[in-house]
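What the coordinates show
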Amino acid sequence: MSEAIKKIALLGSTGSIGQQTLQVVRALPHRFKIVGLAAGNNIDLLTEQINEFRPRFVYYQDREAQLHPTSGEYEFLSLEEIARHHQVDTVVIATPGKSGLSPTLAAVKAGKNIALANKESLVMAGEIITNEAKLNKTQILPIDSEHSAIWQCLRGETQPPTRIILTASGGPFLHYSPAQLNRVTVKQALKHPSWQMGRKVTIDSATLLNKGLEIIEAHWLFSLPFENINVLIHPQSIIHSMVEFTDGSVKAQLSHPDMRLPIQYALSYPERLPNPQLSRLNWSQVNNLILEPPDLDAFPCLRLAIEAGEKGGTCPAVLCAAGEVAVELFLAQRIKFTEIADLIEQALAQHQAITRPSLDEILAADAWTRQKVKEFAAGDTPC
Ligand code: MG
C-alpha cells in the first residue's frame, strides 16, 4: 500500500493546465499536497491559490508586484530552486513555451518525477533532457493527452512498439481550403471544438503545429524514428492515440477529452485513482468514430514540424520559437492565420542548423529566431 501523500510543485499554476491540476489535487487531498506554486503575472489568481493551498515555496515573475495572501507563510524561490527542492516529490511543468526548459532540466538533474505538460522543452532540447533523465534515473511522465495515451498503452509491454499513431482533433478549421484559411479570424481560431486549453496551444491546434510539436515530443519520449510516428485526424477526440506492435496488434486509449485525466494519471502513477470529477464515456452516444489522414497542403505547419524534427539539431528550437512569435503576432492581429506557417518556413529556411547543439547553442538559435521572425513580419504590410 502506497498511501503516502505526494508533495507536488506546480510550475505554471495560473494557466489552463495549472488550474486543472489544482482541481485534481482539490478532489484528492488525501493523496496530493501542493508544496510549491509558480506563476507568471496573474497575481490575483496566484494569491487565491496561495490562500487555498498554503504552499511552502512560491515564485512569480514580477517580483515588484505585491502579493497579499491572507494566510500561510511561504519562501520565495526561483523556478529552478522549486523544481529541485528536496521537499518536492513530483514537479508539474505547466509553464508556457521556452520558460519550461530551465526548470525541466533542473528537475531532471535532481532526479524528480516530472509530470510534463510543457512540450516545448522536449522539442527544443529533447536529446539533452532525455540523456540527463537516463543518467539521473528521472521519470518523465507525460501530461500531453496523446503521450499519456501512448504511455498507458505501452504499460506491461516488454517490446518497443513498431508504430505510434497520434490522433489530432483537426481543430476548428478541419476541411477548410487554403483560401478559406486565409480569411479566418482570431476569435474563430480560439474556439476549439473539443478541448479546453490555453490560447497558444489552441492556435497551434488550429494550425496543426501542435501535432507537429507532439511528433517531436513522442520521438524523444518513446525513442521511435520519425517515420514510425504517424498522425490521424480524429475530430471527436475520444481516441487519444494508438500504438501498433510487431504482430500488427493495435492498442488505443479512450476517454472524454478532459485534461484532468492525463494530469491525474501522471500524478498518481503507477496507480489509478477514482475521481468523481472525471466522467465516463457513454457508449450510447459514442458512435461513428472518424479517423482520416491530415491535409498537409492546407496545414503546412505539420509538414514543417516533421521536417524540422527529422533534421534535428537546432531546427526544432527554431520551429518552436518561430511558432511562439508568429502566434503572438496573429493574436495581436498583426498577421493572417496562414502567415503563421509562412513565418516559420522563412525562419527554418534561413537558419544555419547546428547538429548536437549545446544548451547555449539552442538558446542562441531561439533568440536568433525571435528576432528574425519579428523582422520578417515587420517587412510585410499589416493585414
Ligand atoms: Mg496534446
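Just above sits the structure.
Right, let's walk through the structure included here. (Residues numbered from 1 in each chain as written. Predicted model: local features only at pLDDT ≥ 70, side-chain atom pairs only at ≥ 80, totals over all residues. Heavy atoms only, no water.)

1. Structural notes on the coordination of the magnesium ion
Each donor-metal-donor angle in an ideal tetrahedron of four donors is 109.5 degrees, and each such angle in an ideal octahedron of six donors is either 90 or 180 degrees. Put simply, the rule is: In this description, a donor is an N, O or S atom within 2.8 Å of the metal centre, a cutoff extended to 3.2 Å for sodium, potassium and calcium. Water is not part of the atom list, which can make sites seem incomplete. Only protein chains enter the accessibility calculation, which uses a 1.4 Å probe; a residue is then buried when its area is under 20% of its type maximum, exposed when over 50%, and partly exposed in between.
In the first shell of the magnesium ion, the protein supplies Asp144 (OD), Glu146 (OE) and Glu214 (OE), at 2.1 to 2.2 Å from the metal. Sequence positions of the residues that donate to the magnesium ion give the spacing D-x1-E-x67-E. A relative accessible area of 7% places Asp144 in the buried class.

2. A closer look at the packing of helix H9 (residues 199-207) against helix H10 (residues 209-222)
The line we're drawing: To get an axis, a line is fitted to the C-alpha atoms, and for a helix only the part in contact is used. The angle between two axes follows their N-to-C directions and goes from 0 to 180 degrees. The helix count covers DSSP runs of H or I at least four residues long, the strand count covers runs of E at least two residues long, and both are numbered beginning at the N terminus. In these notes the angle categories are as follows: under 35 degrees is roughly parallel, over 145 is roughly antiparallel, 65 to 115 is roughly perpendicular, and the rest is oblique. In what follows, a contact means two residues having at least one pair of non-hydrogen atoms within 4.5 Å. Under this grouping Gly is polar, as are all residues other than the nonpolar Ala, Val, Leu, Ile, Met, Phe, Trp, Tyr, Cys and Pro and the charged Asp, Glu, Lys and Arg.
Taken N-terminus to C-terminus, the directions of H9 and H10 make an angle of 95 degrees; their axes are 5 Å apart at the nearest point. As the angle between them shows, H9 and H10 are arranged roughly perpendicular. Contacts between H9 and H10 pair Val201, Asp204, Ser205 and Thr207 from the former with Leu209, Asn210 and Leu213 from the latter. Across the contact of H9 with H10, the residue classes break down as three nonpolar, three polar and one charged.

3. Comments concerning unusual backbone geometry
A cis amide bond links Tyr269 to the next residue, Pro270, at an omega of 10 degrees. Tracing the sequence through the fold places Pro270 in the loop between helix H11 (260-268) and helix H12 (300-311). Of note, the phi angle at Ser223 is positive, near 50 degrees, even though the residue is not glycine.

4. Some remarks on the packing of aromatic side chains
Stated precisely, the cut-off is as follows: Any Phe, Tyr or Trp ring, taking Trp's six-membered ring, that has another such ring centre within 6.5 Å forms a pair; planes under 30 degrees apart are called stacked, those over 60 apart edge-to-face, and the others tilted.
Tallying each qualifying case throughout the model produces eight aromatic pairs. With centroids separated by 5.2 Å and ring planes inclined at 90 degrees, the aromatic side chains of Tyr60 and Phe76 adopt a geometry described as edge-to-face. Here Tyr60, found in strand E3 (residues 57-60), pairs with Phe76, found in strand E4 (residues 75-76); they are 16 residues apart in sequence, far enough to count as distant. Take Tyr60: its relative accessible area is 7%, and that puts it in the buried class. On the basis of relative accessible area, Phe76 is assigned to the partly exposed category, the value being 23%. Taking 5.1 Å as the distance between ring centres and 50 degrees as the angle between the ring planes, the aromatic pair formed by Phe173 and Tyr176 counts as tilted. Here a set of aromatic residues connected by ring pairs shows up, and it is made of Phe173, Tyr176, Phe330 and Phe337.

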